[in-house]
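# Observations on the three-dimensional arrangement
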Amino acid sequence: MADYLKPIPVPSPVSQPYWEGCRRHVLLAQQCRTCDHRWMYPSRVCHAPDCHALDDYDWVPLSGKGEVYTFSVHHQAPSVEWAEDVPYVFGVVRLEEGMFLSTNVVGIDPADVHIGMPVEVVFDDVSDEIAIPRFRPVA
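All values derive from a computational prediction rather than experimental measurement. (Residues numbered from 1 in each chain as written. Predicted model: local features only at pLDDT ≥ 70, side-chain atom pairs only at ≥ 80, totals over all residues. Heavy atoms only, no water.)

## Some details on the pairing of strand β1 (residues 28-32)
Burial runs high along β1: five of the five residues are buried. Of the two faces of β1, the one lined by L28, Q30 and C32 and the one lined by A29 and Q31 are each fully buried. Bridge count for β1 against strand β3 (residues 57-61) is five bridges, and the pairing is antiparallel. Among the inter-strand pairings, C32 is bridged to a residue of β3, identified as Y57. Two elements, β1 and strand β2 (residues 38-39), share two bridges in a ladder whose sense is antiparallel. Paired with Q31 across the bridge in β2 is R38. Counting the residues between successive antiparallel strands, the hairpin from β1 to β2 contains five residues, one of them, D36, with a positive phi of roughly 70°. (Buried < 20%, exposed > 50% of the residue type's maximum accessible area, 1.4 Å probe, protein only. Helix = DSSP H or I, 4+ residues; strand = E, 2+ residues; numbered from the N terminus. Pairing = 2+ DSSP bridges.)

## Points about unusual backbone geometry
Residue Y41 is reached from M40 by a cis peptide bond, and omega for that bond is 0°. Of the consecutive residues V86 and P87, the connecting peptide bond is found in the cis state with omega at -5°. For P87, the position within the fold is in the loop between β4 (65-74) and β5 (88-95). Phi angles above zero are rare outside glycine, and H25 is one such case at about 65°. Here H25 is to be found in the loop between α1 (16-23) and β1. The partly exposed category is assigned to H25, whose relative accessible area is 39%. Although it is not a glycine, H52 adopts a positive phi angle of roughly 60°. Inspection of the secondary structure puts H52 in the loop between β2 and β3. Residue H52 is classed as partly exposed on the basis of its relative accessible area, which comes to 46%.

## Brief notes about the sheet that holds β1
Pairing within the open sheet is antiparallel, and its three strands lie in the order β2-β1-β3. The open sheet has two free edges, formed respectively by β2 and β3, since each of these has just one partner strand.

So this is what it looks like as structure tokens:
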């Protein structure tokens, strides 16, 4: 962990429970107490089109499973910190629960990633406080 040189997320008061879940290797989303809608990314407001309840939610665990919705393979590092990672896959995963999560797809040759590929969450412990969710192919 001491060698992690990339930017590390800084939790806000709203996102702190999400990052605490990730630290425990549990993927969490918010669920509205008013309408039961679930959403990603952390926000004080329900994302349901007809609700928009403010500060009326619980944090609920997700399955951590989904499928690759879209992706791109990056062959050029955006900065020196990513140089040893190229090529790497940046993708959007559609979770079983219906939400979308921007992430990296890991544990597979980038040439073998495809839309619709089943994936599951893994956590990259980048510091004592932060674990970043990434997705790998389902074994």
